[in-house]
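# Close look at the chain arrangement
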Amino acid sequence: MPRTAPTPAPPPVPALLAPPAPPLTPEASGLVAEIEAYLASLPAPARTPAPYAVRPYGSVLRPWHAGHPPPRATLLDRALRRPARPVPVTAAEHLDLASRYITAHGWLQGAMWDEAGRVCLLGAQAAVLAHGFGTPATVRTARVQLMEVLHATGRPVRSPDEFNDRPATRQADVHRLLERAAARAARLGL
């Protein structure tokens, strides 16, 4: 088979010459200036303070009821259209859950709760009960422990709610009260 020489490539076809496009950039069109003027006219975003919570490094944010399974409706509960039985908790656990609820949702004075979900001491106890942790008897026992701690620490008040609503009371004071009352209830086996 004889070898043939390669065929030469055809000469290039001259391209149509178009005038160069004017450089159109966002800066040249005035778009950037218009956007910056619009953004400057908007009000500054309101900062919402996050609830103060101290977590060690490397820890994961957990729900306020972590360690306590939420109430689950049985088949009979669903058939009878009744709420699930409450999860049994001790008075000490109830007080700890109330403190965790305040940490998760925020603290409030002068009302049980507000639109933002913040709660007072009584609101936190009611929320823990409403979420199905404990019974009204558990809440009564926990409130007695709160009163005992308040009187033992030289703060005679008619109710823990009065202590919560005092102008000098801070969220840390409420957490400290709940912690001491929970420790007392645990020592007494309540």
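Just above sits the structure.
Residues numbered from 1 in each chain as written. Predicted model: local features only at pLDDT ≥ 70, side-chain atom pairs only at ≥ 80, totals over all residues. Heavy atoms only, no water.

## A few points about the overall build of the protein chain
The number of helices and strands found in the protein chain is 8 helices and 0 strands. Helices (α) and strands (β) of the protein chain occur, in sequence order from the N terminus, as α-α-α-α-α-α-α-α. With 190 residues in all, the protein chain has 27% of them scored as buried. Sequence separation of at least 24 residues holds for 62% of the intrachain contacts in the protein chain that already meet a minimum separation of 6. (Helix = DSSP H or I, 4+ residues; strand = E, 2+ residues; numbered from the N terminus. Buried < 20%, exposed > 50% of the residue type's maximum accessible area, 1.4 Å probe, protein only. Contact = heavy atoms within 4.5 Å.)

## Some thoughts on the packing of helix α4 (residues 91–105) against helix α8 (residues 171–188)
Close contact between α4 and α8 brings their axes to 7 Å; oriented N to C, the two are set at 165°. Between α4 and α8, the angle is such that the two are roughly antiparallel. Handedness of the α4/α8 crossing: left-handed. Residue-level contacts link Ala91, Ala92, Leu95, Asp96, Ala98, Ser99, Ile102 and Thr103 of α4 to Gln171, Val174, His175, Leu178, Ala181, Ala182, Ala185 and Ala186 of α8. Tallied by class, the residues present in the contact of α4 with α8 amount to 11 nonpolar, 4 polar and 1 charged. (Axes fitted to C-alpha atoms, helices over the stretch in contact; angles between N-to-C directions. Parallel < 35°, antiparallel > 145°, perpendicular 65-115°, else oblique. Left-handed = near helix turned anticlockwise from the far one by under 90°. Nonpolar A, V, L, I, M, F, W, Y, C, P; charged D, E, K, R; others polar.)

## A look at the side chain of Gln145
Along the chain, Gln145 falls in helix α6 (residues 136–152). You can call Gln145 buried: its relative accessible area is 4%. What Gln145 contacts, discounting residues up to four positions off in sequence, is Leu95, Ala181, Arg184, Ala185, Leu188 and Leu190.

## Here's the deal with unusual backbone geometry
Positive phi, close to 55°, is recorded for Arg81, a residue that is not glycine. Relative to the helices and strands, Arg81 resides in the loop between α3 (75–80) and α4. Judged by relative accessible area, Arg81 falls into the exposed class, the value being 79%.

## Some details on the environment of Arg166
Relative to the helices and strands, Arg166 is located in the loop between α7 (160–165) and α8. Along the sequence, Arg166 and Gln109 sit 57 residues apart, while their C-alpha atoms lie 8.1 Å from each other.

## Observations concerning α4
The first and last C-alpha atoms of α4 sit 21 Å apart over 15 residues, in line with the 21 Å expected at 1.5 Å per residue. Those residues of α4 that are buried lie in contact with α5 (121–130), α6 and α8. Once α4 finishes, Gly106 follows within two positions and takes phi at roughly 105°, a positive value. (Expected span 1.5 Å × (residues − 1).)

## Some details on the packing of aromatic side chains
All chains considered together, the criterion is met by 2 aromatic pairs. With centroids separated by 5.0 Å and ring planes inclined at 85°, the aromatic side chains of Trp64 and Tyr101 adopt a geometry described as edge-to-face. Here the residue Trp64 occupies a position in the loop between α2 (31–41) and α3, and Tyr101 occupies one in helix α4, the gap between them amounting to 37 residues. Residue Trp64 shares its accessibility class with Tyr101, and that shared class is buried. Relative to Phe133, the ring of Trp64 lies with its centre 5.6 Å away and its plane at 75°, an arrangement referred to as edge-to-face. In this pair, Trp64 sits in the loop between α2 and α3 while Phe133 sits in the loop between α5 and α6, placing the two residues 69 residues apart along the sequence. On the basis of relative accessibility, which here comes to 9%, the residue Trp64 falls in the buried class. We classify Phe133 as buried; its relative accessible area is 2%. In this structure an aromatic cluster arises from ring pairing among Trp64, Tyr101 and Phe133. (Phe/Tyr/Trp six-rings, centres within 6.5 Å; stacked < 30°, edge-to-face > 60°.)

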